[in-house]
Amino acid sequence: MNPAVEQVRALLERARALEANAPLEAGEFYHQARLLDAGCLEAHNALERLRSSHAYGRWMNIDCVIDERDDIYRFFASQDIARNPIREYLADGWRTLAELMPLLEREGKPLTGVGSMLEFASGFGRFTRHLTRVLPGRVTCSDVLPGSTDFARERFGVEAFDSATNPERITWPRRYELIFILSFFTHVPLHAWQRWLAHFAAALEDGGLLIFSIHSPAYAIEHNVPLDADGGCFLRSSEQSALSTDEYGTTFATWERVRREIGAAIPGARVEIHPNTFWIAQDAVVVRGGR
Ligand SMILES: C[S@@+](CC[C@H](N)C(=O)[O-])C[C@H]1O[C@@H](n2cnc3c(N)ncnc32)[C@H](O)[C@@H]1O
C-alpha cells in the first residue's frame, strides 16, 4: 500500500478512537490526515463536527460539511488543477453567488430583495450553503439524488422536496419569485426540455424570473460537438454516477434552439441570454413569464 495512504488510514483510526473522550487531540490527528490527503472528506467533516480551529466553517461562516455522495465534489477533486479540492469546492459556491448577483441586478431583481427562491437541481448544496446565508428562510431546494434534500434541510435549514425524473410527477409546494437552475438543462435531453420548461413556468409567481444555464454554443463549436440540423446535441455521459444516461447526459443547443424550445413551452415568454455567465462557458437564460 502507498505509505501516505497507510499513514492517513492510521491517523484516521487514532482520531476516531479519541474523538469521544479527547476531541482536541482527535482534531489534531484529523488535521494531520487532511494535510496528507487534501481531499479527505472523513477528516474534513470530523473537523467541522468538532468545530476545530482547522474547520472551514469557522472562517467561512457557513455549514461546510460535504456529503460523501456529492459527485460535484468528486468532480472537483478529479480535476488536474485541484490542489485543495475541499477549499475549491466550498469557494466555488461563493463564485456562483458572485455570478448570480450581478446578473439579477442587471435584470432589475436584486437577490437580497427576492421573497422566495427555488434552487432546483441543488445537488448536495455546493451553492445552497452560501445562498441561504443571503436569503435565510426564503430558499427552497429540490433534487432527485437520494438523500440530497434531507441533507439540505438538515444542514442548511432550507425547505426541500424530492424531485422526480418526470416533471409532471412533481407537485410544486408553492410558487416562487425566482427559480434558479444551474447546470440542469446542460444535462437534460432536448426532447424533455419543453415539458420541464412548461412545468417551471407553472411554478413562477406573476412577475417572477426563471433563470437557468446552458452550455455556450461557442464552446460546443470550438470543441467540435456534433450539433444536429435543429441545433442540438445530447451525449450520454455525465459526472453523476447515480443517474441514468437516458435522462441525464450532456446537452448542447444553439441560442435559436433554446429560444424555440422556450417559445413552444411558454408562449409569450420574454427571453434574454447572457453569454459566459456561470462556470466554464455556461450562458444564463432569463425567462419572464408567459401570457
Ligand atoms: C451539474 S449538477 C449541478 C448541481 C448544482 N446545481 C450546483 O450548482 O452545484 C446537476 C444536478 O441536477 C440534478 N438533477 C438531475 N435530474 C434531476 C431531476 N429530474 N430533478 C432535479 N434535479 C435533477 C442532479 O442530481 C445534479 O445535482
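Above: the structure in question.
Residues numbered from 1 in each chain as written. Predicted model: local features only at pLDDT ≥ 70, side-chain atom pairs only at ≥ 80, totals over all residues. Heavy atoms only, no water.

**A few points about the packing of aromatic side chains**
Move 1: Scanning the entire structure with this criterion turns up 22 aromatic pairs.
Move 2: For the pair Phe120 and Phe200, a centre-to-centre distance of 4.9 Å together with 75 degrees between the ring planes defines the contact as edge-to-face. Within this pair, whereas Phe120 is found in strand 1 (residues 117-120), its partner Phe200 is found in helix 9 (residues 193-202), the two being separated by 80 residues in sequence.
Move 3: Using a relative accessible area of 2% as the deciding quantity, one classes Phe120 as buried.
Move 4: With a relative accessible area of 0%, Phe200 lands in the buried category. (Phe/Tyr/Trp six-rings, centres within 6.5 Å; stacked < 30°, edge-to-face > 60°. Helix = DSSP H or I, 4+ residues; strand = E, 2+ residues; numbered from the N terminus. Buried < 20%, exposed > 50% of the residue type's maximum accessible area, 1.4 Å probe, protein only.)

**Details of the packing of helix 2 (residues 23-36) against helix 3 (residues 41-49)**
Move 1: Between helix 2 and helix 3, whose axes approach to 8 Å, the crossing angle comes to 145 degrees. Seen from above, helix 2 lies across helix 3 with left-handed handedness. The segment helix 2 lies against helix 3, with Gly27, Tyr30, His31, Ala33 and Arg34 engaging Glu42, Ala43, His44, Ala46, Leu47 and Arg49.
Move 2: A breakdown of the residues in the contact of helix 2 with helix 3 according to their chemical character gives five nonpolar, three polar and three charged. (Axes fitted to C-alpha atoms, helices over the stretch in contact; angles between N-to-C directions. Left-handed = near helix turned anticlockwise from the far one by under 90°. Contact = heavy atoms within 4.5 Å. Nonpolar A, V, L, I, M, F, W, Y, C, P; charged D, E, K, R; others polar.)

**Things to note about the layout of surface pockets**
Move 1: In this model, the second largest pocket occupies a volume close to 160 Å³.
Move 2: For the lining of the second largest pocket, the secondary-structure elements that each account for two or more residues are helix 3 and helix 4 (57-60).
Move 3: It is helix 3 that contributes the most residues to the lining of the second largest pocket, three residues altogether.
Move 4: Each residue belonging to the lining of the second largest pocket can be placed in one class, and the counts come to four nonpolar, two polar and six charged. (1 Å grid on protein atoms, 1.4 Å probe; cavity = no way out; pocket = protein on both sides within 12 Å on 5 of 7 lines; lining within 4 Å. Points joined across faces, edges and corners; volume = space filled by probe spheres on them.)

**Section: the sheet that holds strand 2 (residues 139-143)**
Move 1: What the seven strands build is an open sheet, ordered 3-2-1-4-5-9-8; its pairing is mixed. Every other strand in the sheet has two partners, leaving strand 3 (159-162) and strand 8 (270-278) as the edge strands with one partner each. Averaged over neighbouring strand pairs, the angle between their axes works out to 20 degrees when direction is ignored.
Move 2: Contacting strand 1, strand 4 (176-181), strand 5 (204-215), strand 8 and strand 9 (282-288), helix 6 (residues 85-106) runs over the sheet at an angle of about 145 degrees to strand 8. (Pairing = 2+ DSSP bridges.)

**Section: the pattern of salt bridges**
Move 1: Taken as a whole, this structure holds 19 salt bridges when the rule is applied.
Move 2: Note that Arg9 is salt-bridged to Glu6, the shortest N-O span being 2.6 Å. With Arg9 and Glu6 both in helix 1 (residues 3-19), this residue pair falls three residues apart, about one helical turn.
Move 3: Given the relative accessible area of 37%, Arg9 is considered partly exposed.
Move 4: For Glu6, a relative accessible area of 30% puts it in the partly exposed group.
Move 5: Close ionic contact of Arg9 with Glu13 constitutes a salt bridge, the shortest N to O distance being 2.7 Å. Taken as a pair, Arg9 and Glu13 lie in helix 1 at a separation of four residues, close to a single helical turn.
Move 6: Exposure remark for Glu13: the relative accessible area of 43% places this residue in the partly exposed category. (Salt bridge = Lys/Arg side-chain N within 4 Å of Asp/Glu carboxyl O.)

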